[in-house]
Amino acid sequence: MSPNIVNCLVNVSEKAANIARLMRQHDYLFSLLVQEKSIDEANSDRFVHDYKTLADVLIQQTVRHDIGISFPELLNNIKGEESSTFTNSLGETVNVEVFDNQSDTSACLLKVLNGDSVAAELLAEEVHKTVETNMDSIPELPDGLNYSNMGIWIDPIDATEEYIRGSTIGSSSSQETRIPTSGLGCVTVLIGGYDIESGKPIIGIINQPFAELTDTGYKGKIIWGVNMDAVRVTNLPQTNPKSTKLAVLSSSEDEKYIKALKDLGYGIVFSAGAGHKILKVITGDADLYLLSKNTTFKWDTCGPQAILNAIEGGLFKIEEIIESGQIIEVDYDDERPNLNEGGLLALRREEKHILQDLYNKK
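A brief structural summary. Quick caveat: nothing in here was measured; it's all calculated off a predicted structure.

## Notes on the nonpolar core
Part 1 of the argument: With 60 residues, the main nonpolar core has I5, L54 and Y163 as its most contacted residues.
Part 2 of the argument: Looking at this core, the element that brings in the most residues is helix α1 (residues 5–25), giving 11 residues.
Part 3 of the argument: Once residues within four sequence positions are removed from consideration, Y163 is found in contact with A20, M23, R24, F30, A55, I157, L184, V187 and F210.

## A word on the sheet that holds strand β8 (residues 201–214)
Part 1 of the argument: One open sheet accounts for six strands, arranged β3-β6-β7-β8-β9-β10; its pairing is mixed. Strands with a single pairing partner mark the edges of an open sheet, and in this sheet they are β3 (78–80) and β10 (232–234). Each strand of the sheet is rotated relative to its neighbour by a mean of 15°, with strand direction disregarded.
Part 2 of the argument: Of the strand pairs in this sheet, strand β6 (residues 150–158) and strand β7 (residues 188–195) are connected by seven bridges, and their pairing is antiparallel. In the sheet register, I154 faces β7, and the bridge partner there is I191.
Part 3 of the argument: Contacting β6, β7, β8 and β9 (217–227), α1 runs over the sheet at an angle of about 35° to β8.

## Considerations on the pattern of salt bridges
Part 1 of the argument: In the structure shown here, the tally under the stated rule is 11 salt bridges.
Part 2 of the argument: Residue R21 pairs with E14 through a salt bridge whose shortest N-O separation is 2.9 Å. Each member of the pair, R21 together with E14, is buried.
Part 3 of the argument: Residues D285 and K280 are paired through a salt bridge, measuring 3.0 Å at the closest nitrogen-oxygen approach. When sorted by exposure, D285 lands in the same class as K280, which is buried.
Part 4 of the argument: Within the structure, one salt-bridge network assembled from shared partners comprises E161, E162 and R165.

## Re the side chain of K298
Part 1 of the argument: Positionally, K298 belongs in helix α9 (residues 298–310).
Part 2 of the argument: Buried and unpaired, K298 has D334 as its nearest opposite-charge partner, separated by 4.8 Å.
Part 3 of the argument: Not counting residues within four places of it along the chain, the set of residues in contact with K298 comprises W153, D331, Y332, D333, D334, R336, P337, N338 and N340.

## Here we look at helix α5 (residues 117–127)
Part 1 of the argument: Residues of α5 that are buried include every one of A119, A120, L123, A124, E126 and V127, and no others. Seen along its axis, α5 keeps its buried residues to an arc of 160°; they face one direction.
Part 2 of the argument: Near the N-terminus of α5, the side chain that reaches the backbone nitrogen of V118, with its oxygen 3.3 Å away, is that of D116.

## A short note on the packing of helix α8 (residues 274–282) against α9
Part 1 of the argument: Here α8 crosses α9 at 5°, and the two axes come no closer than 9 Å. Judged by the inter-axis angle, α8 sits roughly parallel to α9. Residue-level inspection shows A274, G275, I278, V281 and I282 of α8 in contact with α9, the latter providing D300, T301, P304, I307 and L308.
Part 2 of the argument: For the contact of α8 with α9, the class distribution of residues is seven nonpolar, two polar and one charged.

Rules and cut-offs
- Residues numbered from 1 in each chain as written.
- Predicted model: local features only at pLDDT ≥ 70, side-chain atom pairs only at ≥ 80, totals over all residues.
- Heavy atoms only, no water.
- Core = buried A, V, L, I, M, F, W, Y, C linked by side-chain atoms within 4.5 Å.
- Buried < 20%, exposed > 50% of the residue type's maximum accessible area, 1.4 Å probe, protein only.
- Helix = DSSP H or I, 4+ residues; strand = E, 2+ residues; numbered from the N terminus.
- Contact = heavy atoms within 4.5 Å.
- Pairing = 2+ DSSP bridges.
- Axes fitted to C-alpha atoms, helices over the stretch in contact; angles between N-to-C directions.
- Salt bridge = Lys/Arg side-chain N within 4 Å of Asp/Glu carboxyl O.
- Lys, Arg positive; Asp, Glu negative; His and termini not counted.
- Arc of directions from axis to C-beta.
- Polar contact = N/O pair within 3.5 Å; in protein donor to acceptor, adjacent residues only side chain to side chain.
- Parallel < 35°, antiparallel > 145°, perpendicular 65-115°, else oblique.
- Nonpolar A, V, L, I, M, F, W, Y, C, P; charged D, E, K, R; others polar.

Below, the structure is given as structure tokens:
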């Protein structure tokens, strides 16, 4: 039987989550592995400091390696937020690679970790573990899928700042919501598949490595969705309706948009992480996510949008809606910049009426 791409992406997302948990929960490892991003890589419009960690790079390379093993046709179409280079504390630049055997991967990590063989072996062992999530609900896909026409976007750790700083799940925005404002609960691993020819997102995986804190450590949660013509399905559990309408926003959102949403009857919740905020719309904990700034990229939105589309929601360009009333969904055309220009508006199906409401309030 040929491998199932959805099952492959779910499994590798869980391996990524395992690496993120390992590196975050070992203080010694974590203190070694954080470095500030270069000026060219930093998202300077949004944060004073942005960070690249070895967790980001190692997870991205692990995902790329594991997908390439099962689907070699995809290997040249796998892209991510991070470059594969990492500069260790001695100033040496190392190209981080995942090899076919654990010893070679460990040798590469040894250079990154300045000869720390214990840490290198610990990480290499995690990278080369076999991970099976055993999700029975993953659907059969149409025969004859052209994987050479499929692209993959990876955001190895979305909400990196929360990953670095967060020591808890994060406080809820209010007692009536299930939306954390900050902390490790906002951290996600995002993997999205898209059709290269049409730019349409078709497969999405959102893995929350730190969804729940238990007596034995952190426990994760995985949401996936397929948005193909022949298959449109997710593993979303049944949700209970809320008593109030909620919009989830960044704390830096423009006051005029906050006022517009309040005027339309939405309560406002502030939270971290673009992937996390779209996830809250997907799960029904929020009704919409609005971002007026150009501060997200294809790797932030591809996976979440595929799941949102699978439940007949959408991810739209807010600037086009406000200025001209045009309803334009975000797409993943490889000829366009990686930056999502025009802001974002993520909606569940039942909230699509707000597209016209926002245009009328301009």
